[in-house]
Amino acid sequence: MTQRAKIDTDGPEPDDPEPHGRGSHGPVIDTGAGLDPVHPMRPPRPSDRHSGLTAAEVARHVARGEVNDVPVRSSRSLSEIIRANVFTRFNAIIGVLWVIMFFVAPIQDTLFGFVIIANTGIGIIQEWRAKRTLDGLAVIGEAKPTVRRDGVAAEISTSEIVLGDLIELGPGDKVVVDGEMVEADNIEVDESLLTGEADPVLKRPGDQVMSGSFVVVGGGAFRATKVGRDAYAAQLAEEASRFTLVDSELRNGISTILKYVTWMMIPTALGLIISQLVVQQNDFKNSIARTVGGIVPMIPEGLVLLTSVAFAIGVIRLGRKQCLVQELPAIEGLARVDVVCLDKTGTLTEGGMDVRELRPLNGADVTYVRRVLGAIGRSDPRPNASLQAIIDAYRDESGQWPVTKALPFSSARKYSGAAFGESDGQADGRTDGEAARWLLGAPDVLLASGDPALAEIDHLNRQGLRVLLLARVDGELDAPDAASGARATALVVLEQRLRPDAADTLAYFAEQDVAAKVISGDNAVSVGAVAGKLGLPGAEHTVDARHLPAERAKMAEALDSGAVFGRVTPQQKRDMVGALQSRGHTVAMTGDGVNDVLALKDADIGVSMGSGSEATRAVAQIVLLNNSFSTLPSVVAEGRRVIGNITRVATLFLTKTVYSVLLAVLVACFQVEYPFLPRHLTLLSTLTIGIPAFFLALAPNTERARPNFVRRVMRYAIPSGIIAAVATFVTYLLARSYYSGPDALNAETSAATLTLFLVSMWVLAIVARPYTWWRIGLVVAMGAGFLVVLAVPWLQHFFALKLVGTTMPWTAVAIAVVASAALEFCWRWVGRRFPA
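Below is a summary of the structure that appears in this document. (Residues numbered from 1 in each chain as written. Predicted model: local features only at pLDDT ≥ 70, side-chain atom pairs only at ≥ 80, totals over all residues. Heavy atoms only, no water.)

Topic: the overall build of the protein chain
Argument step 1. When its secondary structure is counted, the protein chain shows 27 helices and 23 strands.
Argument step 2. Split into buried and exposed, the 836 residues of the protein chain put 58% on the buried side.
Argument step 3. Total accessible area on the protein chain is roughly 32,300 Å²; 58% of this is exposed by carbon and sulfur atoms. (Helix = DSSP H or I, 4+ residues; strand = E, 2+ residues; numbered from the N terminus. Buried < 20%, exposed > 50% of the residue type's maximum accessible area, 1.4 Å probe, protein only. Areas by Shrake-Rupley, 256 points an atom, 1.4 Å probe, with all protein chains shown as cover.)

Here you go:
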């Protein structure tokens, strides 16, 4: 006799497509008169027929390496992290220039290379920290399949499965390796994630099952025939769970910018090289140094670094709150969400329920009804939350009634059922051994629309209570019209437990202009009452999804105007997501049941609870391991911080790129020496971009994410870069006409550097708004750092910066003031003329 180490009792409500919900076409399980010898009220399970591998057989498979050894990784390996951060296009360019500078210039002019090494090191360390966080969370959240060995069924890690293992399956379980069905009790498998076919497939012994599919209804067991990298979906699953920025608007935008920068760099750099080496015929080493000084600042290398660091730190922050981010774009994507679709059970309410009241109908005997409910509860080996509440209330009152048929709950039907022989005396006059057939589910589905009991039920629903109807039927349980002629026997009133943090979370979404839509399979009035208790705007206007139009445009219109939807079928969930997206909404979907899988997959961002089915956790981009709905605001806030701050710092980096390119063009056109050495621009970049950008990228930011990243950045960076370049070049030309003598070039460079620094500082001051004490302190500290360089003699010598006289330095300041005023005017004009 097979034993089972653990019985999973989590599941959906009988009238709500929640965790472990059976499929929309759940079959009847005909058990005959046989009994489970351990649990006599329950049908026998497949696990009572095969014992699986022995310990010796497992050891032999392990010795031969026939183990499911596909690494479960939520991030790329350390070697991949190092390669991704070191071997970049711009690092290669800077590396070559750095090597050249070692031979032609003093150490001061090679500082840019050391900065790149430091930046790359920071990127590697932060991503490694993020990897460790993700890998740790992935282990915590990993689903453990039930494997039968030596007749004992126990949960083990996926990586411990060996070839030939017997793996048990139930509703919501994911098929983790390829195999062949050995036992099948009306099991239906959804292979849509692999084949695109939406209808579940009925499996029989001998049929093949593929990794990546999941069970919709029924149960059984299969023998592993392909494990490790031989399994069909192993490579896909590994790729899908990696630390990635694919399909991110932010990442794509930065890549687009870098592509344009590369195109601009090549002709500009060639023109600068010709200008400095051929036309001027200067000292060779000095010409090389000034040429490199013109090329290096064109590269916005720190922008990619800071983006990676910002995302990595976001992963670490969310990881501390037990939030597993399976795909990095999810942080960014949830920040762009303007509609979030929520389940009621498990999201607004806690999973557990309590039987509040039992109301017999039509003169039914309360003692008999309690025994019937106890028997129905004992008939299901995988009770859901509401059925578990019934089991807890009536577990000792079921009698010795053998179950002959069991009808699993279906989200489409909205009821479950059981048939059993009542063999110890009846309360309704039936003879011993006569089969009784019962349905338990949604009253408004089981009863005719005019039934007088519905008025009483509506009153209970308005109090936010869940009501189930126990009804007796004469026909077969699996008949299409099984509910026809159902005789109401009793109402089971269940009380749901509201999540203490749900009200605050809904209030947060309302403040952030994110529309919350409660989508539930439960009675619409009941759902609205629960949502109303939590303060959801529009909860008083509930919609029965059975009356929603099927046409997408009309459905979208109804969804936009409503907030609470009841009696939603699994297919409607998916259709609702598509309808909202057709209106331009960015949709997040929360769910934890197998019936939520396709809706989660279609949503822009899928969010699964950690206690949800394995299938939902597999397709969701975000898994809330602590099952706390209140974690979502943290994810939204983290995404907004990343996007808003990267937009800020991108403006700084690209302003530098624009003025560097334009300065090089002006130098080539006017046939003059390039005004700066690499040390000068290293100093300016560090004080006006590098250090400030690091702090700004990690600062709090609650601004709602907006689309068109490239447009929003470039509309400010281009005019700012033009103003900075023109002001600097004007100062440089005036200084060339003012200074003379052997040291004139150093004096000219110092004046031009002063103007460029002051203008760049004003760009920083604009980007840092709105001001807080630390932002003001940051800007002041950077200005003070430059003053220290001008005031300390050895720093003057080190950076070749010394202001000569008073006329030209004050002229440089005046030009910078005019340029700063132009910046203010330009930013305000651009904001009005080209709104984001």
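Still to come is the rest of the account.
Overview of the sheet that holds strand β19 (residues 542-544)
Note on sheets: strands pair through backbone hydrogen bonds, and any given pair is parallel or antiparallel.
Argument step 1. Read across the open sheet, the eight strands follow the order β10-β23-β22-β21-β11-β18-β20-β19; overall the sheet is mixed. Two strands in the sheet have a free side with no partner beyond their single neighbour: β10 (323-325) and β19. Here the average twist between neighbouring strands, direction ignored, is 20 degrees.
Argument step 2. Bridge analysis of strand β11 (residues 339-342) against strand β21 (residues 587-591) gives three bridges, and the strand direction is parallel. What sits directly across from V339, in β21, is V587. (Pairing = 2+ DSSP bridges. Axes fitted to C-alpha atoms, helices over the stretch in contact; angles between N-to-C directions.)

A short note on helix α14 (residues 453-461)
In an α-helix, one turn spans 3.6 residues; hence positions three or four apart end up facing the same way.
Argument step 1. Taken together, the buried positions of α14 are occupied by A453, L454, I457, L460 and N461. All buried residues of α14 project into a common sector of 115 degrees when viewed along the axis, lining one side. Opposite the buried face of α14, at more than 90 degrees from it, the exposed residues are A455 and H459. (Arc of directions from axis to C-beta.)

Description of the pairing of strand β3 (residues 146-149)
Argument step 1. In this sheet, strand β5 (residues 166-169) lies alongside β3 in antiparallel orientation, the contact comprising three bridges. Within β5, the residue paired with T146 across the bridge is E168.
Argument step 2. Examined bridge by bridge, β3 and strand β4 (residues 152-155) share four bridges and lie antiparallel to one another. For V147, the partnering residue across the bridge sits in β4 and is A154.
Argument step 3. The hairpin formed by β3 and β4 contains two residues between the paired strands, and D150 there has a positive phi angle of roughly 55 degrees.

So, the pattern of salt bridges
Argument step 1. For the coordinates displayed, the defined rule picks out 19 salt bridges.
Argument step 2. A salt bridge links R574 to D602, with the nearest nitrogen and oxygen atoms 2.6 Å apart. Separated by 28 residues along the polypeptide, R574 in helix α18 (residues 570-582) and D602 in helix α19 (residues 597-602) bring together distant segments of the chain.
Argument step 3. Taking the shortest distance from any N to any O, the salt bridge between E824 and R769 comes out at 2.5 Å. Remark: R769 occurs in the loop between α24 (744-767) and α25 (773-791) and E824 occurs in helix α27 (residues 807-833); sequence separation between them is 55 residues.
Argument step 4. Here the residues in one salt-bridge network are D444, D544, R546 and R567, joined through shared partners. (Salt bridge = Lys/Arg side-chain N within 4 Å of Asp/Glu carboxyl O.)

A short note on the side chain of S608
Argument step 1. Locating S608 in the fold gives a position in strand β22 (residues 605-609).
Argument step 2. Look past the residues within four positions of S608 in its chain and what remains in contact with it is G591, T616, R617, A620, I622, V623 and L624. (Contact = heavy atoms within 4.5 Å.)

A short note on the side chain of R648
Argument step 1. Structurally, the position occupied by R648 is in helix α21 (residues 632-670).
Argument step 2. By relative accessible area, which is 14% here, R648 ends up buried.
Argument step 3. When residues no more than four places from it in sequence are discounted, the contact partners of R648 are N701, V767, A768, R769, P770 and R775.

What about a nonpolar patch on the surface?
Argument step 1. On the surface, V99, F102, F103, I107, F114 and I117 cluster together to form a nonpolar patch covering roughly 610 Å² of accessible area.
Argument step 2. Elements that contribute at least two residues to the nonpolar patch include exactly α3 (89-104) and α4 (111-141).
Argument step 3. With three residues, the top contributor of residues to the nonpolar patch is α3.
Argument step 4. Here I107 is to be found in the loop between α3 and α4. (Patch = residues over 30% accessible without salt bridge, like charges linked within 9 Å, V, L, I, M, F, W, Y side chains within 5 Å.)

Focus: the environment of T133
Argument step 1. Looking at the secondary structure, you find T133 in helix α4.
Argument step 2. Sequence-wise, T133 and L324 are 191 residues apart; in three dimensions their C-alpha atoms are separated by 8.8 Å.
Argument step 3. The contact partners of T133, leaving out residues within four places of it in the chain, are V315, I316 and G319.

Notes on the nonpolar core
Argument step 1. L334, L536, I622, V649 and F786 are the most contacted members of the largest nonpolar core, which totals 131 residues.
Argument step 2. Among the elements that line this core, the one with the most residues is α21, at 16 residues.
Argument step 3. When neighbours within four sequence positions are excluded, L536 is seen to be in contact with L506, A516, V518, A531, A563 and V564.
Argument step 4. With 25 residues, the next largest nonpolar core counts L548, M555, L600 and A603 among its residues. (Core = buried A, V, L, I, M, F, W, Y, C linked by side-chain atoms within 4.5 Å.)

Topic: the pairing of β22
Argument step 1. With respect to burial, β22 is a largely interior element, five of its five residues being buried.
Argument step 2. Side chains I605, V607 and M609 project from β22 onto one buried face, and the interleaved G606 and S608 project onto a second face that is buried too.
Argument step 3. As judged from the four bridges shared by β21 and β22, these two strands associate in the parallel manner. Within β22, the position partnered with G591 by the bridge is S608.
Argument step 4. Bridging between β22 and strand β23 (residues 622-624) involves three bridges; their strand directions are parallel. Across the sheet, the residue bridging to S608 is V623, located in β23.

Thoughts on the packing of α21 against helix α23 (residues 709-738)
Argument step 1. Two elements in contact, α21 and α23, have axes whose closest approach is 7 Å; the angle formed by their N-to-C orientations is 40 degrees. On the basis of the axis angle, α21 is oblique to α23. Taken as a pair, α21 and α23 cross one another with a handedness that is right-handed. (Parallel < 35°, antiparallel > 145°, perpendicular 65-115°, else oblique. Left-handed = near helix turned anticlockwise from the far one by under 90°.)

Details of the packing of α21 against helix α22 (residues 678-697)
Argument step 1. Running from N to C, α21 and α22 point in directions that differ by 170 degrees, and their axes come no closer than 9 Å. Judged on the interaxial angle alone, α22 and α21 are roughly antiparallel. On the side of α21, the interface is formed by R641, N645, V649, L652, F653 and K656, while α22 contributes S685, T688, I689, A693, L696 and A697.
Argument step 2. Classifying every residue of the contact of α21 with α22 gives seven nonpolar, three polar and two charged. (Nonpolar A, V, L, I, M, F, W, Y, C, P; charged D, E, K, R; others polar.)

A short note on unusual backbone geometry
Argument step 1. That bond from R769 to P770 is cis: its omega, -5 degrees, falls within 30 degrees of zero.
Argument step 2. Turning to its location among the elements, P770 is positioned in the loop between α24 and α25.
Argument step 3. Positive phi is not limited to glycine here, since R567 has a value of about 55 degrees.
Argument step 4. Examined against the element boundaries, R567 turns out to sit in the loop between β20 (564-566) and α18.
Argument step 5. By relative accessible area, R567 is classed as buried at 2%.

Function-wise, these values are silent; they only describe arrangement.
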